[in-house]
Amino acid sequence: MTTLTAVHGDITTQHVDAVVNAANTAMRGGGGVDGAIHRAGGSEVLADCIARFPHGLATGDAGWTTAGNLPARWVIHTVGPNHAAGERDRSLLLSCYRRSLEVAAGLGARSVAFPLISAGVYGWPADDAVAAAIEAITSTPTAVERVLLVAYSAADHHRVSAAVEALAE
Ligand code: APR
């Protein structure tokens, strides 16, 4: 039985086995969650990105690296569709969550924290970014026991909390 919990906070401080990073196809860091994870995780994370993803990562796919100095053991990097650049294929956004859960289970991770993939720089409309996260996570059979959906802003936390509470109704 997998539990899903809405969390308001910074994903880099979550005490879970794996945190998911909203990366880009180059896999060499960036802003937003990507910047926060690389800053907090330290240079080991980038070194592992370079070693394990010499040619980057495809949109909708996921792959893991060390978490360096983060409380988590692994970072699972995934690349969401860039809505702002015209990438509107929602199945790729769903795939980010599904592939991340597959990678997490393959590592033996029992707890995973997700940010709202594509909901920042990539400009995916917030309500549907939340809906896609919930849809993908709740429809993917997984050995992962505990999933956190971490919202950074109060507004996003309100959206995520309402969506998670609606599941119980
Ligand atoms: N913890 C949790 N959530 C965060 C944090 C954080 N420290 N920082 C930002 N967020 C939230 C944003 O508010 C947004 O809701 O994560 C969500 C995803 O935003 P981005 O990090 O901008 O990711 P995305 O929209 O997928 O764009 C990815 O942005 O940072 C670059 O290198 C990254 O090119 C890639 C692109």
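Structural notes, computed from the coordinates. Everything numeric here is computed off the predicted structure, so don't read it as measured data.

### Here we look at the nonpolar core
Part 1 of the reasoning: Formed by 32 residues in total, the largest nonpolar core has its most connected members in Tyr97, Phe114 and Leu149.
Part 2 of the reasoning: At the level of secondary structure, the elements contributing two or more residues to this core comprise strand S2 (18-23), strand S4 (74-79), helix H3 (90-107), strand S5 (111-114), helix H4 (126-138), strand S6 (146-151) and helix H5 (154-168).
Part 3 of the reasoning: Sequence-distant contacts of Leu149, defined by excluding residues within four places in its chain, comprise Leu4, Thr5, Ala6, Val7, Phe114, Pro115, Leu116, Ala133, Ile134 and Val160.
Part 4 of the reasoning: Within the second largest apolar cluster, twelve residues are counted, among which are Val7, Ile11, Val19 and Leu70.

### Some thoughts on the packing of aromatic side chains
The way to describe two aromatic rings as a pair is by their centre distance and the angle between their planes.
Part 1 of the reasoning: What the rule picks out here adds up to one aromatic pair.
Part 2 of the reasoning: Where Tyr97 meets Phe114, the ring centres are 5.1 Å apart and the plane angle is 45°; that geometry is what we call tilted. Taken together, the positions of Tyr97 in helix H3 and Phe114 in strand S5 put the pair 17 residues apart, joining distant regions of the chain. The same class applies to Tyr97 and to Phe114, which are both buried.
Part 3 of the reasoning: Over the aromatic face of Trp64 sits the side chain of Arg52, whose NZ or CZ is 3.7 Å from the ring centroid.

### Things to note about the sheet that holds strand S1 (residues 3-8)
Part 1 of the reasoning: An order of S1-S6-S5-S2-S4-S3 is seen for the six strands of this open sheet, with the pairing classed as mixed. Looking at the sheet topology across the chains shown, the edges are occupied by S1 and strand S3 (62-66). For this sheet, the mean angle separating the axes of adjacent strands, direction not counted, is 25°.
Part 2 of the reasoning: The sheet contact formed by S3 and S4 spans five bridges and is antiparallel.

### A few points about the site of the ligand
Part 1 of the reasoning: Close to the ligand lie 21 residues, the nearest being Gly31, Val33, Asp34, Gly120 and Val121.
Part 2 of the reasoning: One nitrogen or oxygen atom from the side chain of Asn24 is found 3.0 Å from an oxygen atom belonging to the ligand.
Part 3 of the reasoning: In this structure, an oxygen atom belonging to the ligand sits 2.7 Å away from a side-chain N or O atom of Asp34.
Part 4 of the reasoning: Among the elements of the structure, S2 and helix H1 (32-41) are those that each provide at least two residues to the shell around the ligand.
Part 5 of the reasoning: Per-element accounting of the shell around the ligand gives the leading share, four residues, to H1.
Part 6 of the reasoning: Here the residues of the shell around the ligand are counted per class, giving ten nonpolar, eight polar and three charged.

### Section: the pairing of S5
Part 1 of the reasoning: Alternating residues of S5 divide into Ser111 and Ala113 and Val112 and Phe114, and every residue in both groups is buried.
Part 2 of the reasoning: Sheet topology note: the S2/S5 ladder contains two bridges and is parallel. Along S5, the bridge assignment pairs Ala18 with Val112.
Part 3 of the reasoning: Taken together, the four bridges between S5 and S6 define a ladder with parallel strand orientation.

### Observations regarding H1
Part 1 of the reasoning: Along H1, the residues classified as buried are Asp34, Gly35, Ala36, Ile37, His38 and Gly41.
Part 2 of the reasoning: Residues of H1 that are buried in the fold lie against S2, helix H2 (43-52) and S4.

### Remarks on the packing of H3 against H4
Part 1 of the reasoning: Two elements in contact, H3 and H4, have axes whose closest approach is 9 Å; the angle formed by their N-to-C orientations is 45°. Comparing their axes, H4 and H3 come out oblique. Handedness of the crossing formed by H3 with H4: right-handed. Residues Arg90, Leu93, Leu94, Tyr97, Arg98 and Leu101 of H3 pack against Asp128, Ala129, Ala131, Ala132, Ala133, Glu135, Ala136 and Ile137 of H4.
Part 2 of the reasoning: Looking at the contact of H3 with H4 residue by residue, the class counts come to ten nonpolar, no polar and four charged.

Definitions and cut-offs
- Residues numbered from 1 in each chain as written.
- Predicted model: local features only at pLDDT ≥ 70, side-chain atom pairs only at ≥ 80, totals over all residues.
- Heavy atoms only, no water.
- Core = buried A, V, L, I, M, F, W, Y, C linked by side-chain atoms within 4.5 Å.
- Buried < 20%, exposed > 50% of the residue type's maximum accessible area, 1.4 Å probe, protein only.
- Helix = DSSP H or I, 4+ residues; strand = E, 2+ residues; numbered from the N terminus.
- Contact = heavy atoms within 4.5 Å.
- Phe/Tyr/Trp six-rings, centres within 6.5 Å; stacked < 30°, edge-to-face > 60°.
- Lys NZ or Arg CZ within 6 Å of the ring centre and 35° of its normal.
- Pairing = 2+ DSSP bridges.
- Axes fitted to C-alpha atoms, helices over the stretch in contact; angles between N-to-C directions.
- Near = heavy atom within 4 Å.
- Polar contact = N/O pair within 3.5 Å; in protein donor to acceptor, adjacent residues only side chain to side chain.
- Nonpolar A, V, L, I, M, F, W, Y, C, P; charged D, E, K, R; others polar.
- Parallel < 35°, antiparallel > 145°, perpendicular 65-115°, else oblique.
- Left-handed = near helix turned anticlockwise from the far one by under 90°.

Function cannot be inferred from these measures alone, as they are strictly geometric.
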